[in-house]
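Working through the structure, step by step
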Amino acid sequence: MDTKGRFTTPYVEEVISKLAQEESGKRQYYRPVYSLHKWWARRPGALFRSIILLAAHPEYADTLFQPGGGGALSERSNYFQSHDLSDLIVLDPFMGGGTTLVEANLLGAKVIGCDINPVSFWIVRETLKPIDLVRLDYYFRQLEQTAGERIKALYSTSCSSCGTLGCDGLYAFWVRQVDCPSCGGTVSLFKRTLLNEGLSRNSPVSHSNPSIVFCPSCYALNEWHGEATCTCQACNATFDPRRGTYDNGYYSCPHCGRERIPLVQTMRAGQRLRERLVAIEYWCPSCQARLYRSPGKDDLEKLDGIRREFERVRDSLLIPKQPIAAGSSSERWRLHNYRYYHEVFNARQLLAFSYLLAAIQEIPEEEYRNAFATVFSNSLEYNNMMTPYNYPHRKLHHLFNYHAMPLTTTPVENAVWGVSEEGAGTFVNCYRRYFRAKEYCQRPFHRFKGPRGEVYTVHGQNEQVSARLVSTFEELASTPRGALLRCGDSANLSDIPDKSVDLVVTDPPYFDNIHYSELSNFFYVWLSLIVRHPCFAGEYVPTEAEAIVNEGMNKGEEDYQHLLTSVFRECRRVLKDGGRLIFTFHHTKLRAWWTVLASLAESGFRVGDSFPVMSEYKVNPHVRNKQSLDMDLVLICHKRAMPCEFPPTSLVDVARRAIVHLPDERNNGGENKLFLRFMGDLLRAASAACETREVSYEEFVNAVTQFDIYLAGQKSDQGREPSDRQLALF
C-alpha cells in the first residue's frame, strides 16, 4: 500500500490496535484513570494519545512507534516520550468519559470539552481536577469509622460452620417471585439454582470442588458434585441445578404444570415482583474463608428490623423521587412495573446509602465532598437489585454489563461498604479505583506487552493529568494546562471565537448503539441530590439536543443527522483553517454510515484520510452476543476549502478502484478491517464528490455493494461458501 501523504502507516496502525485492545481488556491495569467512574463504550487512551500526537506531529506518521530488541517495542519510540503541546487548543464536542481531554492534558495542551450530559461533565471534571491524596485518604478513614461501621452492621451474620458472630456479609442471594395466573401458587423465577460453579474457578465441579446450590423445593443449600442431579439433604427432593423455571422472559409453574407463561403478561395483570432471600455469602475471620449459609432466624429478623427502620425514617432520607424516564433501554424495567428509580434498590441498600451520604455531607471541603460523591455514584452500578452475578468468578457483574438496563430474576445484593479486598463494586473498592486513578494522574505510565506476553512499564517524564479549570475562553488562552468544560449543547459554542481551535478530536454517539441519557439517568438522579452545580438542576439528563437514534424517545435518523450536522458545523466555525476534525466511528448499519457522510458534507468537511483500529476487547459488552464491528474507523477530516485530490466521479468506480488495494490485507485483520479500509476510501471520495454534485443514498449503497461482490468472490476462490454480510441497510 502506498503510504505517502497518509496520516500514518500500517505498522503504526497495527501497534495502536494492539495497545488499544490490551487497554480495553484491562483498563484498571493499563490506564487506571478511566476507571474513576463508569462511562459507556470508552475509546482507549492509547488510541487518542496516538491520534493527538500524529495530528500535532505529522512527521511521526511512520515513526510514532519503533521496534526494539527481541520483537518488543522500543521505549525510545516517540509515543512514549514526553511532549509539550502547550501551544495547542484541543476541542471535544462529545466529551463523554473524557478520553480526548485526559490524553491532551497529559501532553500539555489546553482543552475544551462539551457535552449535553451532566454526568459526563461531572466525570470529566472529577478526572481532570488535581487533588491531595493524603487529604483524600484522611477523609476516607473518617468515613470508615462512621458510615462504614454502621453499614457493615447491616450485613453482618454468624458462621454456620464454627458459630462465630459478627461475620461480614459479602453477598445476599435473592430470587424473585410471582403468583401463577392459573393456580395462584408462588413461582420462584430462576434459570439455575447454582450459587457458584465450584469454589475454584480453574477446576470443574467435582467432589473435591463442589458447587453450592439451593433446593428449588425448600431452598436449603446443598453441595453438588457435577452429577446429572442433586438430592436435597433437607427435604430429599431431586433436582437438576442447571435447570430452572424461567428463561428468556417466560416461566413455568411447578404447581400446576403450566409452561411458557410470559412474565410481561403477568406484570400487565398488575402483579409486582417479590424477592425471597435464599443464601448469604460471608467472610468468617475464624475459619479464614468465604462461606455460604441459608438465612437463619437472626438474619431474617435483622431484615425485618431494617425494613421497619427504613419505613420510619424514609421521608427524611435522600432518595431520588423521579419516575424512570421513558426510552428504549428503560422499557424493560417499566414493563415489569418498576416505576421509580429508587424501586430498583431494597430497603437495606437505601438505608446504607443514607448513612453514607450523611457522612459525606459532613466533609467540610467541597472538592473532597465531590470526590466521595463520585465514588458513591460509581458504586451504585454494583449496589442495586438488578445486578447480575458472575457464577464462575464468584463476584458481581456491573449493572451495565451489556450497555443496557437489565432485569434479573436472581439479583445478588452486594454489601454496600465492603470487606477488605473481597467482592467487587463495594464503596471501598470504588474508593480504591478513584485513588488509583488519581495516583496515575500524578505519575502516569504506559504499559505494553512484549512478544512473549511480558509487560513493560514506561513512566512518562514531566507528564501528568492535572488541569486548571477555567470559565472563559480568554482565561483558557492564558492558562497553562487550562481546561474549559461546558455542560450544554455543542451546536452552540458561542463563547469560543472563530478559528481559535487547533484540533477537534471526538467520539460521537454511534447512531442507535448506546442510549447514553437513559443509562446515565441511573447515576444522575442520585448525583442531583448531593452535587451543588447548576447542570444538575433538572429532573433528568437533557435529551432534546442528544444526537442519538432512540425509538423510545421518538428520536429518529433525521434528528440524529440534524444534531450531528449542527455540532460539526460549529466545529468547523471554531476550527483553524489548517486544523482537523478527527473522530472514531463504527456501526453495522449502512444508514449510520450514510448519516455520517451527510453530516460531514452539510457541515463543510471532507474526509482526507482514515485508518481502522481494533479498539473493542473481544468480550466487551459493546460487541458481545450481537452482530457488531469490533473495530473503529478513525476519520481524519479537513475543512472543505482545502485542495481536493479526488475528481468528481462515480462512487461505484471509486469503490472498484479502492478494492484493488484490499487483497494486501486480506489475511491481516479479517473482513471487518477490510470493510473499514474500504469504507474509509469510499467516504473520502464521497465527501469530495458532495462538493460538486448531489450524492444519493442509492449511489452510496451501490458502491458498498461492490465490496460485497468482491468479498463473495474471494470466498468462492478459496472454496468457502459466501457468508451473509454483517452490515444491514436499515
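Just above, that's the structure.
First, a word on what this report is: a plain description of the structure on this page.

A separate point is the sheet that holds strand β9 (residues 246-247). Taking strand neighbours across the sheet as the criterion, the 3 strands line up as β9-β10-β11 in an open arrangement whose pairing is antiparallel. The open sheet terminates on both sides in strands that have one partner only, identified here as β9 and β11 (261-262). Relative to strand β10 (residues 250-251), β9 is paired through 2 bridges, and the arrangement is antiparallel. Looking across to β10, one finds that Asp-247 is bridged to Tyr-250.

To continue, consider the sheet that holds strand β21 (residues 501-506). The strands making up a sheet associate through hydrogen bonds between their backbones, and the pairing can be parallel or antiparallel. Overall, mixed pairing links the 8 strands, which are arranged β19-β20-β2-β1-β21-β22-β24-β23 in an open sheet. What marks the edges here is a single partner per strand, and that holds for β19 (468-470) and β23 (605-614). Each neighbouring strand pair of the sheet contributes to a mean axis angle of 20 degrees, computed without reference to strand direction. Where strand β22 (residues 575-585) meets strand β24 (residues 631-639), 5 bridges bridge the pair, whose relative direction is antiparallel. Across the sheet, residue Ile-582 finds its bridge partner in β24, namely Ile-636. Packing against the sheet, helix α18 (residues 670-689) makes contact with β23 and β24, and its axis sits at approximately 175 degrees to β23.

Let us look at the pairing of strand β13 (residues 289-293). Judged from the 5 bridges that link them, strand β12 (residues 274-284) and β13 form a sheet pairing that is antiparallel. Counted as the bridge partner of Glu-281 is Tyr-292 from β13. The turn linking β12 back onto β13 is made up of 4 residues, and Gln-288 within it adopts a positive phi angle of 55 degrees.

We now examine the packing of aromatic side chains. The full count for this structure, using the stated rule, is 44 aromatic pairs. Ring centres of Trp-39 and Trp-40 lie 5.1 Å apart, and the angle between their planes is 65 degrees; on these two criteria the pair is classed as edge-to-face. Grouping residues by exposure puts Trp-39 and Trp-40 together as buried. Taking 6.4 Å as the distance between ring centres and 70 degrees as the angle between the ring planes, the aromatic pair formed by Phe-65 and Phe-80 counts as edge-to-face. Of this pair, Phe-65 sits in the loop between α3 (45-56) and β1 (89-92) while Phe-80 sits in the loop between α3 and β1; the two residues are 15 residues apart in sequence, bridging distant segments of the chain. The same class applies to Phe-65 and to Phe-80, which are both buried. Through a chain of ring-to-ring contacts, three or more aromatic side chains come together here, namely Trp-39, Trp-40, Trp-333, Phe-345, Phe-353, Phe-376, Phe-400, Phe-522, Phe-523 and Trp-526.

Note that Arg-339 resides in the loop between α9 (331-335) and α10 (347-361). Distance in space between the C-alpha atoms of Arg-339 and Pro-323 is 5.5 Å, their sequence separation being 16 residues. One polar contact links Arg-339 to Asn-337, side chain to side chain, over a distance of 3.1 Å.

Let us now look at the environment of Val-119. Position of Val-119 relative to the elements: it lies in helix α5 (residues 118-128). Taking the C-alpha atoms as reference points, Val-119 and Leu-527, separated by 408 residues in sequence, lie 8.2 Å from one another. Once you skip the residues sitting within four places of it in the chain, Val-119 turns out to touch Trp-39, Ser-520, Phe-523, Tyr-524, Phe-536 and Val-541.

Close contact between α5 and helix α11 (residues 366-379) brings their axes to 11 Å; oriented N to C, the two are set at 120 degrees. Relative to α11, the element α5 is oriented oblique. Seen from above, α5 lies across α11 with left-handed handedness. Within the contact between the two elements, α5 uses Trp-122, Arg-125 and Glu-126 and α11 uses Glu-367, Asn-370, Ala-371 and Thr-374.

Relative to the helices and strands, Gly-198 is located in the loop between β4 (186-189) and β5 (211-214). Overall, Gly-198 belongs to the buried group, its relative accessible area being 0%. Ignoring any residue separated from it by four or fewer positions in sequence, one finds Gly-198 in contact with Val-205, Asn-209, Pro-210, Ser-211 and Arg-394.

We now examine helix α15 (residues 557-574). Taking 1.5 Å as the rise per residue, α15 with 18 residues should run 26 Å; its terminal C-alpha atoms sit 26 Å apart, in good agreement. All of the buried residues in α15 are Tyr-560, Gln-561, Leu-563, Leu-564, Thr-565, Ser-566, Val-567, Phe-568, Glu-570, Cys-571 and Val-574. Check the buried side of α15 and you find it contacts β1, β21, β22, α16 (590-603) and β23.

Right, let's get into the nonpolar core. Counting 137 residues, the largest nonpolar core has Leu-136, Phe-372 and Phe-376 as the members making the most contacts within it. Top contributing element to this core by residue count: α10, with 10 residues. In this structure, Ile-89, Val-567, Leu-633 and Leu-682 belong to the second largest nonpolar core, which totals 61 residues.

How each quantity is defined
Residues numbered from 1 in each chain as written. Predicted model: local features only at pLDDT ≥ 70, side-chain atom pairs only at ≥ 80, totals over all residues. Heavy atoms only, no water. Pairing = 2+ DSSP bridges. Helix = DSSP H or I, 4+ residues; strand = E, 2+ residues; numbered from the N terminus. Axes fitted to C-alpha atoms, helices over the stretch in contact; angles between N-to-C directions. Contact = heavy atoms within 4.5 Å. Phe/Tyr/Trp six-rings, centres within 6.5 Å; stacked < 30°, edge-to-face > 60°. Buried < 20%, exposed > 50% of the residue type's maximum accessible area, 1.4 Å probe, protein only. Polar contact = N/O pair within 3.5 Å; in protein donor to acceptor, adjacent residues only side chain to side chain. Parallel < 35°, antiparallel > 145°, perpendicular 65-115°, else oblique. Left-handed = near helix turned anticlockwise from the far one by under 90°. Expected span 1.5 Å × (residues − 1). Core = buried A, V, L, I, M, F, W, Y, C linked by side-chain atoms within 4.5 Å.

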